[in-house]
Amino acid sequence: MSEILVAAVQGATGDELAALELPASYRAAHVRREDAAMFEGMASSDKDPRASLHVGEVPLPELAPDEAYVAVMASSINFNTVWTSIFEPLSTFGFLDRLARESVWGARHGLDYHVVGSDAAGVVLRVGSAVRSWRPGDKVTVHCNYVDDQDPSAHDDSMLAVNQRIWGFETNFGGLADVAVVKANQLMPKPAHLTWEEAAVNALCNSTAYRMLVSSNGAPVTQGDRVLVWGATGGLGSFAVQYVLNGGGTPVGVVSSAARVALLHELGCEHVLDRTERAYRFWADEHTQDEKEWRRLGQDIRALVGEDPDIVFEHPGRQTMGASVFVCKRGGTVITCAATTGYMIEYDNRHLWMKLKSIKGSHFSNYREAWHANQLVCEGKILPPLAAVYSLEDVGEAALLVHQNRAEGKLGVLCLAPKEGLGIDDHELRERVGEDRLTIFRRHHAAAR
Ligand code: NAP
């Protein structure tokens, strides 16, 4: 790998990279099938990704004609790596086994280890014989929508494909590794003004937030809209807030500490509710929600922005969904893509139907949406919310921090990149965007610790 590393860091030409011999194995973060029951009977919060995430050599799989090997300079922690590493809500080996049954190339994925990670920034090392648009040497980021383009249901909107998967979660050979195996239609240009680690933290959460709040497939923000954003300094929320601001809307961010309030103010989000300070108790007990508390949240939002939110950006799930449906404006939309605190949801349907509200499901993004979202990063219009950087060896530590809600924004992971700060090609754009803006999350994350 060291030859590849030196070549990639020194900006070798595509021909030079293509001439390098590929290693038989590579370093990768993975979970093991034999560990799938290791946390059985434990509370979710006690399950420790450090015990289940291993970093070690795995064999390099053969490359399919429509795929590319990417030398991964940096990757990031997404919540799906937390789910995989605590084997919740189920073990991801079931996904790999299903993919393995689908085709000859799919069969490569059915292994007793699962290489995780759904983000990457790096350099294309090799392309399969059917790849036309990318060459060795291209600097790329990778989005995680993995679709079979020979399936008719994958056309129009590929997120509606019956066999749509998330790379590095429902497939093997993910991004938390020195080499990633990706389909060519997952590749996007690396933002030239960013370091490897800044470039690596965007694709998954940025594309998801884009589909939810910009694309016509979601609940697009129009000028003047008020948008309630839960977890507004988290992975998804930090992009959501930027999209609302860019689209002429007014975000109302919800966070859980004064430090996170300060971060949002610096990001340009004026209206913030600290849910710890406000002490909302939406659930009186495990089975009963408290409408008075929903009402208190609604009053707090009106006190800040004068009206109920046109859109609610939902992902915490069980803990907040009742409140989200209640506070949403008459005719408004609750757009949801997750359920971190529980997926068996309860809300009062009277508030939904009598006030003509909608709940809309959303999941990642199609290639076009991911490409547009990436383009906005390339143009400096969306900032990478990089909060801290870990080595691949410390991937378990980083996943634990996300699991325990102790990280703002995104955590980057250095894979082949030997140190932070490498990979910037467009210094002029970087200066225009501003070092201060690019480091908002890093400064606040460090100060909060
Ligand atoms: P994250 O970075 O950990 O952020 C989650 C945020 O949720 C935290 O910052 C926290 O903010 C907030 N939160 C946690 N518990 C809460 C509670 N009880 N009530 C209200 N807010 C709470 O995670 P993420 O990357 O944003 O992902 C969030 C969820 O979305 C995960 O479940 C992930 O798997 C899912 N996801 C789905 C997709 C998709 O395509 N479907 C894509 C990305 C992520 P405060 O504590 O500051 O309030």
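See the structure above.
So, here's what we can say about the structure. All chains use their own residue numbering, which begins from 1 and follows the written sequence. Given that this is a predicted model, residues contribute local features only at a pLDDT of at least 70 and side-chain atom pairs are listed and counted only at 80 or more, while totals for whole chains, interfaces and linings are drawn from all residues. Side-chain numbers here rest on the full set of heavy atoms in the structure, without hydrogens or water.

### Let's talk about a nonpolar patch on the surface
At step 1: Side chains of Ile345, Tyr347 and Ile359 sit close together on the surface and give an oily, nonpolar patch of about 220 Å² of accessible area.
At step 2: Assessed through its relative accessible area of 33%, isoleucine 359 is described here as partly exposed. Nonpolar side chains (Val, Leu, Ile, Met, Phe, Trp, Tyr) are joined into patches within 5 Å and like charges within 9 Å, using only residues with over 30% relative accessible area and no salt bridge. The method behind every accessible area is Shrake-Rupley, applied with a 1.4 Å probe, and residues are considered shielded solely by the protein chains displayed. In the sections that follow, a salt bridge refers to a side-chain nitrogen of Lys or Arg positioned within 4 Å of a carboxyl oxygen of Asp or Glu. Whether a residue is buried, partly exposed or exposed follows from its accessible area with a 1.4 Å probe, protein chains only, as a fraction of its type maximum: under 20%, in between, or over 50%, in that order.

### Observations concerning the pairing of strand β1 (residues 25-32)
At step 1: Here β1 lies mainly inside the structure; 6 of its 8 residues are buried.
At step 2: Here, a strand pair is defined by DSSP locating no fewer than two bridges between the strands. Secondary structure follows DSSP: runs of H or I at least 4 residues long count as helices, runs of E at least 2 residues long count as strands, and numbering of each begins at the N terminus. In the sheet, β1 pairs with strand β2 (residues 54-59) via 6 bridges, with the strands oriented antiparallel. Paired with histidine 30 across the two strands is histidine 54, which belongs to β2.
At step 3: Direction of pairing for β1 relative to strand β4 (residues 113-115): antiparallel, over a ladder of 3 bridges. Bridging from a neighbouring strand, histidine 30 pairs with valine 115 of β4.

### Section: the packing of helix α9 (residues 258-267) against helix α18 (residues 440-448)
At step 1: Helix axes are fitted to C-alpha atoms over the stretch in contact, other axes to C-alpha atoms as well, and angles between N-to-C directions run from 0 to 180 degrees. At a closest axis distance of 10 Å, the pairing of α9 and α18 adopts a crossing angle of 165°. For the element pair α9 / α18, the angle class is roughly antiparallel. For the crossing formed where α9 meets α18, the hand is right-handed. When α9 is examined against α18, the residues Ala259, Ala262, Leu263, Glu266 and Leu267 are found in contact with a partner set consisting of Ile440, Phe441, Arg443, His444 and Ala448. Roughly parallel means an angle under 35 degrees; roughly antiparallel, over 145; roughly perpendicular, 65 to 115; everything else is oblique. Should the near helix be turned anticlockwise from the far one by less than a right angle, the crossing is left-handed, and should it be turned clockwise, the crossing is right-handed. Any two residues having at least one pair of non-hydrogen atoms within 4.5 Å are treated as being in contact.

Read these as spatial facts, not as claims about activity.
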